[in-house]
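Notes for the structure review
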Amino acid sequence: MSISVEDYIAIQRLMYRYARCADKKDYTGFNGVFCDDAVFDFSGTLVTTCSAIQQMMRNLEKFTRTLHQVHNTLYEVDGDTASGETYCIASHLFSEEAGETRIDMGIIYEDRLRRTQDGWRIEFRKFNLVWSQTAPVDKK
């Protein structure tokens, strides 16, 4: 199995779209990221269908800001399917009485993708938390 330059760029851009939708809290934008029948394994909880995933992502509302940084992406393409991983550092800011706090998470997403008429989409995503760190945010 190999991957064409076009597929590599399209899949990488799909991962960037996921991060942008999360950070902009653009829940409808996840329609362009997930298949309608997608499954998201979030720490052992299976969330099925894109609309349910959109609803789950609304949990981001509790944060004042997020920043998902996509790093390594490595996928293998087999016809109209692909599988692989995306590494991500996700920062989540929230306000407390003492000030603003940041939770950083090291994440590896394990994915299965499907090529659709509208391009690559995630059909299965597993969230793997590798580490997390919580710290106060310096004042501006």
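The preceding data block contains the structure.
A brief look at the structure comes next. (Residues numbered from 1 in each chain as written. Predicted model: local features only at pLDDT ≥ 70, side-chain atom pairs only at ≥ 80, totals over all residues. Heavy atoms only, no water.)

1. Structural notes on the sheet that holds strand S5 (residues 99-116)
Taken in spatial order, the six strands make up an open sheet running S2-S1-S6-S5-S4-S3, and their pairing is mixed. With one partner strand each, in any of the chains shown, strand S2 (45-48) and strand S3 (65-78) form the two edges of the open sheet. If you compare each strand with its neighbour and ignore which way they point, the axes differ by 15° on average. Of the pairings in the sheet, the one linking strand S1 (residues 34-42) to strand S6 (residues 119-136) comprises five bridges and is parallel in character. Looking at S6, one finds that Phe34 is bridged to Ile122. Where helix H1 (residues 5-24) meets the sheet, its contacts fall on S1, S3, strand S4 (81-96), S5 and S6, and the angle it forms with S3 comes to roughly 155°. Strands in contact with helix H2 (residues 50-57) are S1 and S2; relative to S1, the strand with the most contacts, it is inclined by about 50°. (Pairing = 2+ DSSP bridges. Helix = DSSP H or I, 4+ residues; strand = E, 2+ residues; numbered from the N terminus. Axes fitted to C-alpha atoms, helices over the stretch in contact; angles between N-to-C directions. Contact = heavy atoms within 4.5 Å.)

2. Some details on the environment of Ile9
When you line up the elements, Ile9 lands in helix H1. Residues Ile9 and Leu129 lie 120 residues apart in sequence; the distance between their C-alpha atoms is 25 Å.

3. Topic: the pairing of S5
Looking at chain direction, S4 and S5 are connected through 16 bridges and run antiparallel. Counted as the bridge partner of Glu96 is Gly99 from S5. Between S4 and S5, which pair antiparallel and follow one another directly, the connecting turn spans two residues. With 16 bridges joining them, S5 and S6 adopt antiparallel strand pairing. When the bridges of S6 are listed, Ile108 appears paired with Asn128.

4. Observations regarding the nonpolar core
Ranked by internal contacts, the top residues of the largest apolar core, which has 35 residues, are Phe30, Phe34, Phe40, Met57 and Leu113. Mapped onto this core, the elements with two or more residues apiece are H1, S1, H2, S3, S4, S5 and S6. (Core = buried A, V, L, I, M, F, W, Y, C linked by side-chain atoms within 4.5 Å. Buried < 20%, exposed > 50% of the residue type's maximum accessible area, 1.4 Å probe, protein only.)

5. As for the pattern of salt bridges
Under the definition given, this model contains seven salt bridges. Here Asp37 and Arg114 are joined by a salt bridge, their closest N and O atoms 3.2 Å apart. Here Asp37, found in strand S1, pairs with Arg114, found in strand S5; they are 77 residues apart in sequence, far enough to count as distant. For Asp37, a relative accessible area of 47% puts it in the partly exposed group. Close ionic contact of Asp111 with Arg125 constitutes a salt bridge, the shortest N to O distance being 2.7 Å. Taken together, the residues Asp111 in strand S5 and Arg125 in strand S6 connect sequence positions 14 residues apart. For the residue pair Asp111 and Arg125, the accessibility class agrees, reading buried in each case. (Salt bridge = Lys/Arg side-chain N within 4 Å of Asp/Glu carboxyl O.)

6. Here we look at the pairing of S3
Two strands pair when backbone bridges link them, and S3 and S4 are joined in this way by 12 bridges, in the antiparallel orientation. From the neighbouring strand, Val70 faces S4, where its bridge partner is Cys88. Two successive antiparallel strands, S3 and S4, enclose a turn made up of two residues, where Gly79 displays a positive phi of approximately 70°.

7. Considering unusual backbone geometry
One non-glycine residue, Ser43, lies in the positive phi region at around 55°. Looking at the secondary structure, you find Ser43 in the loop between S1 and S2. A residue is classified by how much of its surface remains accessible, and Ser43, at 55% relative accessible area, is exposed. Positive phi is not limited to glycine here, since Thr49 has a value of about 80°. One can find Thr49 in the loop between S2 and H2. Of the residues examined, Thr49 reaches a relative accessible area of 33% and is grouped as partly exposed.

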